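Structural overview for review
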Amino acid sequence: MSDLVKRTIEIVMVIVLIGIGAAVLLLTGESKNQDGNPGYRVDLDMQGVSLGENSAGLDPTDTVKLAPFLPTPMCVVEKMLELADVDEDDIVYDLGCGDGRIVIAAAEKCGAHGVGLDIYPQWVKKSQSNAKKAGVESLVEFRLEDATMADISEATVVTLYLLPESNDLLRPLLEKQLKPGACVITHNYHMPGWGDKEVCVESIKDEFGKEHTVFVYRP
Ligand SMILES: C[S@@+](CC[C@H](N)C(=O)[O-])C[C@H]1O[C@@H](n2cnc3c(N)ncnc32)[C@H](O)[C@@H]1O
């Protein structure tokens, strides 16, 4: 084998190894955030879920996909409600409500009113039927609505379990509409630029030992 061929093979192998290393770092490493907050790993479970299976929703061209459906474990939901100190005077908005569990738990456990928004009719219907089963229909409302265009001004608590860039996208809406004293809680991904509004950060292990992070803000 000529030197040139050997050299070419070596170069190709180095490039392949660098590529594999970069991919491993990207998938397992923690990212740094622009505002200097500690970085948090993008949830691979969420990344792996396809939006396609929920495609019976609104016209996709009209909506911004903030995250695929992945439910917040109930132990994390309970911690979120506890950290936000939710009670019967609260109106809890879950932007991207999935099966409605956060809003329903807020009504069931704390007596709060709540509104859940989702762009997929099947999640809105599922939330409504779950609310009926839980006996909290009179306290909650689920709407087929794009959260990026929603009126959330009456909310006293807003919960988000969305992709990191979606939190960033919703930030101006939250800053513009929320009343002083309102509480925003994000699951697993912090709100970029809100380091000074952060009240607390808590880690919770779910039943499978997986760690979840919850960020509480008073914007
Ligand atoms: C990760 S799930 C969270 C579900 C629920 N909030 C929870 O924590 O269990 C994100 C949800 O956001 C919904 N979603 C995605 N884009 C949306 C948008 N533009 N407006 C409203 N909901 C959206 C998805 O359909 C999905 O149900």
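Please refer to the structure higher up on the page.
We now turn to the structure provided with this report.

Let us now look at the overall build of the chain. Along the chain, the regular secondary structure elements total six helices and seven strands. Overall, the chain shows an N-to-C arrangement of helices and strands of α-α-α-β-α-β-α-β-β-α-β-β-β. Classification of the 219 residues of the chain by burial places 34% in the buried group. Counted over contacts in the chain with a minimum sequence separation of 6, partners at least 24 positions apart contribute 67%.

Between its first and last C-alpha, helix H5 (residues 121-134) extends 20 Å over 14 residues, near the 20 Å set by a 1.5 Å rise per residue. Looking at the buried positions of H5, the neighbouring elements they touch are helix H4 (101-110), strand E2 (113-118) and strand E3 (140-144). One or two positions beyond H5, positive phi appears at Gly135, with a value near 75°.

Viewed as axis vectors pointing N to C, helix H3 (residues 74-83) and H4 meet at an angle of 60°, and their least axial separation amounts to 10 Å. The angle between H3 and H4 places the two elements in the oblique class. Seen from above, H3 lies across H4 with right-handed handedness. Here Met74, Val77, Glu78, Met80 and Leu81 of H3 lie close against H4, whose contacting residues are Arg101, Ile102, Ala105, Ala106, Lys109 and Cys110.

Let us look at the pairing of E3. One ladder, built from five bridges, connects E2 with E3; its direction is parallel. Residue pairing across strands places Gly114 opposite Val140, the latter belonging to E3.

For the rest of this paragraph, the subject is the sheet that holds strand E4 (residues 157-160). Spatial strand order, E3-E2-E1-E4-E5-E7-E6: seven strands in an open sheet with mixed pairing. The sheet is open, and its two borders are formed by E3 and strand E6 (198-205), each paired with just one other strand. Sheet twist, expressed as the average angle between the axes of neighbouring strands with direction ignored, equals 15°. Sheet analysis places strand E1 (residues 91-95) next to E2, joined by five bridges and oriented parallel. Residue pairing for E2: Leu95 is matched across the bridge by Leu117. Here H5 sits on the sheet in contact with E2 and E3, set at roughly 165° to E3.

About the thresholds
- Residues numbered from 1 in each chain as written.
- Predicted model: local features only at pLDDT ≥ 70, side-chain atom pairs only at ≥ 80, totals over all residues.
- Helix = DSSP H or I, 4+ residues; strand = E, 2+ residues; numbered from the N terminus.
- Buried ≥ 20, exposed ≤ 12 C-beta atoms within 10 Å, placed from the backbone.
- Contact = placed C-beta atoms within 7 Å.
- Expected span 1.5 Å × (residues − 1).
- Axes fitted to C-alpha atoms, helices over the stretch in contact; angles between N-to-C directions.
- Parallel < 35°, antiparallel > 145°, perpendicular 65-115°, else oblique.
- Left-handed = near helix turned anticlockwise from the far one by under 90°.
- Pairing = 2+ DSSP bridges.

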